[in-house]
Amino acid sequence: MNNLMDKISEKIMPLANILGENRYLKVLRDAFMLAFPMIMFGSIVVVIINLPFLNDTTQESLSFLIGNGENATMAVLTMFVTFGIGYYLSKSYDVEGIYGGTVSFASFLLLTPFNMTSESGEEISGVLSLDRLGAKGMFVGMIAAFLAAEIYCRITKKGWQIKMPSSVPPAVSKSFAALIPAIITLSVFLLINAVVVGIFTTNLHDIIYELIQQPLTGLGSTLPATLIALFLVQFLWFFGLHGQIIINSVLDPIRNTLMLENLEAFRNGEELPHIITKAFMETFTVGIGGSGMTLAVVLIMMFFMKKKQYKDIGRLGVAPGIFNVNEPVIFGLPIVLNAAILIPWVLAPLIVTTFNYFVMSAGIFPIPTGVQVPWTVPIVASGILATNSWMGGLLQIIDLLIVMVIWYPFLRSLDRNTQEAL
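Computed from a predicted model, the values in this text were never measured in an experiment.

Moving on, we get to the environment of asparagine 417. Here asparagine 417 lies in helix H19 (residues 390–421). Separated by 126 residues in the primary sequence, asparagine 417 and serine 291 have C-alpha atoms spaced 26 Å apart.

Next comes the structure, spelled out in structure tokens:
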């Protein structure tokens, strides 16, 4: 068995390292982390406005008074992501990041229609619609930001810059150095927008939304695609590779978009369109003890296993496990390369995710509203916050019990075999 694991590890490690070190995936991950504080702030505001014990009048008053806390953060998430992509991609090429970020953001705006339709059907020009800066504009924003930053960095690297004397203050010198690359890059995007608007009488937002974003988000919200991704996360962790970082670098843009669409529907009092979102995955998988839902594992080790080594690991892992940090059990049990517990490690998250999907789709338990809850928030509290209902916390407790049932026979067998070997 060990020889088989070694052979699989030899094959999978190079591919995982390629994905983990990919320039564009790392930039995308860092760009979303740049937006993370804004997401958290906006989520807190949404939670406050929609506390379940508030009446409609109070909620309307709070929305009027502090609603801009969400409008200025989560509702315009694409703005922060486009700047972050430009900034981090430029830094990866050793180019001044602040100008790369600004050019990427401006390039996105050049492709964005400055008009919207009123409730009466009247076309209003000179106005930016929030949905273009949020969920609906996410994919065109990411594509534009990457392309703009690439163009800007390549022109800069060619030395097409205005060089100022050393006596000129650095801020002025850097601004002039960015002038030619910025003008060329922005001109490219202005021309693209002119062609799309002039010839096709539409805008790039609607084209990309219909051709790319809708199909991708539709695929990303399906249960089969989610289970495949979850399997890969668990499988990579088994070999000591951080599956969350590797797989979620690809999927997080899709799940974040789905989360924003849920949030928009929730704010408008509409039916939530998606079960599987970023909030769903973090609250009902990672939120139950970390990757692999291992809070159940440390509880079993503490209370049901006999060998002192396992009891100690359980006691050591329970405190961080409550806050969804599970490295002590992953490397202490260990879970990494431990063939005796590969089955529950992979199987438990798949079963629980499938169960959660069906009970939510049946309307038995509520769907996450789109509010982003920090992944370190303990079980029950995170479920309540994510769904705006105590039923979300109850579902997490049920999930915990399911994981315990799946893991228990394997851990007892491991404990028994260890005792017999002594």
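Further notes follow.
What follows is about the packing of helix H11 (residues 223–238) against helix H12 (residues 243–267). The geometry of H11 relative to H12 is characterised by a closest axis approach of 8 Å and an angle of 155 degrees between their N-to-C directions. Relative to H12, the element H11 lies roughly antiparallel. Each of Thr226, Ala229, Leu232, Val233, Leu236 and Trp237 in H11 lies in contact with H12, whose residues at this interface are Gly243, Gln244, Ile246, Ile247, Leu251 and Arg255. Considering only residue class, the contact of H11 with H12 consists of eight nonpolar, three polar and one charged.

Glancing now at the pattern of salt bridges. By the definition in use, this model includes 10 salt bridges. Its salt-bridge partner being lysine 308, residue aspartate 312 comes within 2.7 Å of it at the nearest N-O pair. Highlighted residues: aspartate 312 and lysine 308, both in helix H15 (residues 308–322), separated by four residues, approximately one helical turn. Overall, lysine 308 belongs to the exposed group, its relative accessible area being 60%.

Attention now moves to the confidence of the model for the chain. Scored by pLDDT, the chain has a mean of 87; 92% of the residues are at 70 or more. Helix H1 (residues 2–21) is the least confidently modelled element of the chain, averaging 58 in pLDDT, while helix H6 (residues 97–110) averages 96, the highest of any element.

Let's shift gears to the packing of aromatic side chains. Inspection of every chain in the model, using the stated rule, returns eight aromatic pairs. Taken together, a centroid distance of 6.2 Å and an interplanar angle of 20 degrees make the contact between phenylalanine 83 and tyrosine 87 stacked. Taken together, the positions of phenylalanine 83 and tyrosine 87, both in helix H5 (residues 77–92) and four residues apart, correspond to about one turn of that helix. For phenylalanine 83, a relative accessible area of 26% translates into the label partly exposed. Here phenylalanine 280 and phenylalanine 284 contribute two aromatic rings whose centre-to-centre distance is 6.0 Å and whose plane-to-plane angle is 45 degrees, an arrangement assigned as tilted. In this pair, phenylalanine 280 and phenylalanine 284 are both assigned in helix H13 (residues 278–284), four residues apart and thus about one turn of the helix distant. There is no split in this pair, since phenylalanine 280 and phenylalanine 284 are both buried. These aromatic residues form a ring-pair network of at least three members: Phe83, Tyr87 and Tyr88. Positioned above the aromatic ring of tyrosine 93, the side-chain terminus of arginine 23 is 4.1 Å from the ring centre.

Each value, and the rule that gives it
Residues numbered from 1 in each chain as written. Predicted model: local features only at pLDDT ≥ 70, side-chain atom pairs only at ≥ 80, totals over all residues. Heavy atoms only, no water. Helix = DSSP H or I, 4+ residues; strand = E, 2+ residues; numbered from the N terminus. Axes fitted to C-alpha atoms, helices over the stretch in contact; angles between N-to-C directions. Parallel < 35°, antiparallel > 145°, perpendicular 65-115°, else oblique. Contact = heavy atoms within 4.5 Å. Nonpolar A, V, L, I, M, F, W, Y, C, P; charged D, E, K, R; others polar. Salt bridge = Lys/Arg side-chain N within 4 Å of Asp/Glu carboxyl O. Buried < 20%, exposed > 50% of the residue type's maximum accessible area, 1.4 Å probe, protein only. pLDDT = per-residue confidence, 0-100. Phe/Tyr/Trp six-rings, centres within 6.5 Å; stacked < 30°, edge-to-face > 60°. Lys NZ or Arg CZ within 6 Å of the ring centre and 35° of its normal.

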